[in-house]
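The primary structure of each chain is shown beneath.
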Amino acid sequence: MAVLLIRLKFTLLRHSPAGMRLFGTALAVLGLGITWYFALAADSDAVRADLLSLVFAVWAAAWMLGPTVANGTGVLRSQYFALLPLDRRRLGAILLLTMFFDIGPALTLVALAALSWHALAVDPAALLVAVPGILLLWVFVVSLSRLVFRALGAAMHSRLGMEIASVQWGLILAGLFFGWMAVQPAFTATLGLSENGLGEGAVGAVLSALPTSWPVLAVQAAAAGSWGAASAWIGALALLTGALVAVTAVLLAPRVGARGVRRRGRPLGARPPTSRGPRFPLLPDTPLGAVVGKELRQWWRDPWRGLELRASLWAALFIGLLTWSSGTFSFFAPFAGVIAAFIMALATSNMYGHDGTALWLSVVGQGRDTVRADVRGRQVAILLLIVPGATLLSAVFVVATGSPWAWPYVVTGMAVFFGVGSGLALLLSVVALSPGVDPQLRVDANDSGDNQVQVWIALVALPLLSAPAVLAAVFLGLAGLPWAAAPVGVLNGALAAWWLGRVAYRRLEARLPEAFARIRYGKEVALRTVPANGSLLDRLERTAIEGNAETRPTGS
């Protein structure tokens, strides 16, 4: 059965987009070159041991974060086999085995084999522990990758787990946008590592304690003649790897039944926002008010939506702390709220894909203003959710950094990004809709659909559509009138929100059945409904259909 699933995996790989895989392979080749360069260029055996401990830890971190960042759910998803009469834990173990048959694990094994060169250099007899250490570390790293990814998905079924996942995603986003502040000093320090190693500081002590360094320590002990210590290090790694494999196999085992956030009591927000009382309703008793209320509760209840909202705020918080602590870039910290607005626009660019086949309710119940109210209600709900948190973030950093001068620029930036972002997110959600797994069937953290095309478009379109307010802030600030840019930001944001929302709902009104067919039946059917040489929106839709990786809504 293992051979059959491995062959199935390679068949699926041949028929899947190769863009992100090629990028990942290029990074793996670069890491392979750096690993062997450190192994060959080290000035002494002690320096080489330090460098291998460092690069092995980096390999493990890359395997932990890579699938999450790259939307990598794995080719063979466990839920494909949920209804087959198979032993689930055995199937989970076989699915884990298939992960080792790919170009990434192969390159990783070659990189880890640099430890054999180190063993030959210090004492050829140390190969007796180096070879099993390499294989164990290889299994440990790949299994850890799958464990982290599936554990992140499992954590989405509790409020605490969702918050932990949001913090992790916030750190990742902050690193992607402003990680160069930490990478640049680290890269400068790396230039002297081949001569001096890590030294006797805390970094070396921490690395020595990590499991990724245990094979290196075993080789060092064997070279010193302490075979008992070497065997202990390898034995400890073998026990840890065995436990990791066992836990990962359990998590990879398919599960049946709908899964959502577990609740022990009535959830907050269970009372409809329009029914607080007959005299003082929180929202108007209109189609627009109904959509706003539905969206607010869905953003609160749906873990995959809540992840994006919370991750935007956490990322802005971490970016503010990172820039504040850098000293040189501390002036950027008050703009944490602006960053939250920017990231939220990227995160909400696939809302109809998040909803899955629930769009059928709009298809069968479409009235005169159904689609218009749906689009406008989603825009309003986004603003109600993100504005308070983003404003609080900027206010805290303005006070903490003693930068009252930043207020007019912060207000201008948030006004324009909130407006442009809410309109652009809805337009991309309609035109570049990317279906994911239906909410009740989701298992992994990235099951809500791939939105890489939407993100890249938004990264370009958001600054361009916000350019009038940004230029006004720059030139009026130089003229000594920064507050004069705030009305420009409000007007820019309001016009963009109105115009982009109008384009979005008119497009959805014209193509509502086609949008549902795209969600329900996937890209092959969707491509037949879009003209090959149509309008700009048609070309954008075809680009999204062809560019986004397909996560079939009927699987999980």
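Keep in mind it's a predicted model, so treat the numbers as computed, not measured. (Residues numbered from 1 in each chain as written. Predicted model: local features only at pLDDT ≥ 70, side-chain atom pairs only at ≥ 80, totals over all residues. Heavy atoms only, no water.)

Novice: Could you give me a rundown of the packing of aromatic side chains, with the residues and numbers involved?
Specialist: On inspection of all chains with the given rule, the structure shows eight aromatic pairs. With a centroid separation of 5.8 Å and 25° between ring planes, the pair formed by Trp 314 and Phe 318 is classed as stacked. Remark: Phe 318 and Trp 314 occur in helix H15 (residues 303-326); sequence separation between them is four residues, near one turn of the helix. A relative accessible area of 27% means that Trp 314 is categorised as partly exposed. (Phe/Tyr/Trp six-rings, centres within 6.5 Å; stacked < 30°, edge-to-face > 60°. Helix = DSSP H or I, 4+ residues; strand = E, 2+ residues; numbered from the N terminus. Buried < 20%, exposed > 50% of the residue type's maximum accessible area, 1.4 Å probe, protein only.)

Novice: Outline helix H5 (residues 103-112), listing residues and values.
Specialist: Within H5, burial applies to Gly 104, Pro 105, Leu 107, Thr 108, Ala 111 and Leu 112. Take H5 and look down its axis: the buried residues cluster within an arc of 160°, on one side only. (Arc of directions from axis to C-beta.)

Novice: Can you lay out the side chain of Ser 429 for me, pointing to particular residues and giving the numbers?
Specialist: Here Ser 429 is to be found in helix H20 (residues 407-431). Among the polar contacts made by the side chain of Ser 429, one reaches the main-chain amide nitrogen of Asn 350 at a distance of 3.2 Å. In this structure the side chain of Ser 429 is engaged in a polar contact, spanning 3.0 Å, whose partner is the backbone nitrogen of Met 351. Not counting chain neighbours up to four residues away, the residues in contact with Ser 429 comprise Thr 348, Ser 349, Asn 350, Met 351 and Tyr 352. (Polar contact = N/O pair within 3.5 Å; in protein donor to acceptor, adjacent residues only side chain to side chain. Contact = heavy atoms within 4.5 Å.)

Novice: If you had to explain the pattern of salt bridges to someone new, which residues and values would you point to?
Specialist: Counting across every chain of the model gives 11 salt bridges. One salt bridge connects Glu 541 with Arg 518, and the closest N-O pair in it is separated by 3.7 Å. Of this pair, Glu 541 sits in helix H26 (residues 536-547) while Arg 518 sits in helix H24 (residues 512-521), and the two are 23 residues apart along the sequence. We note that Glu 541, like Arg 518, is buried. Beyond isolated ion pairs, a larger network of salt bridges with shared partners links Lys 294, Glu 295, Arg 305, Asp 355, Asp 374 and Arg 378. (Salt bridge = Lys/Arg side-chain N within 4 Å of Asp/Glu carboxyl O.)

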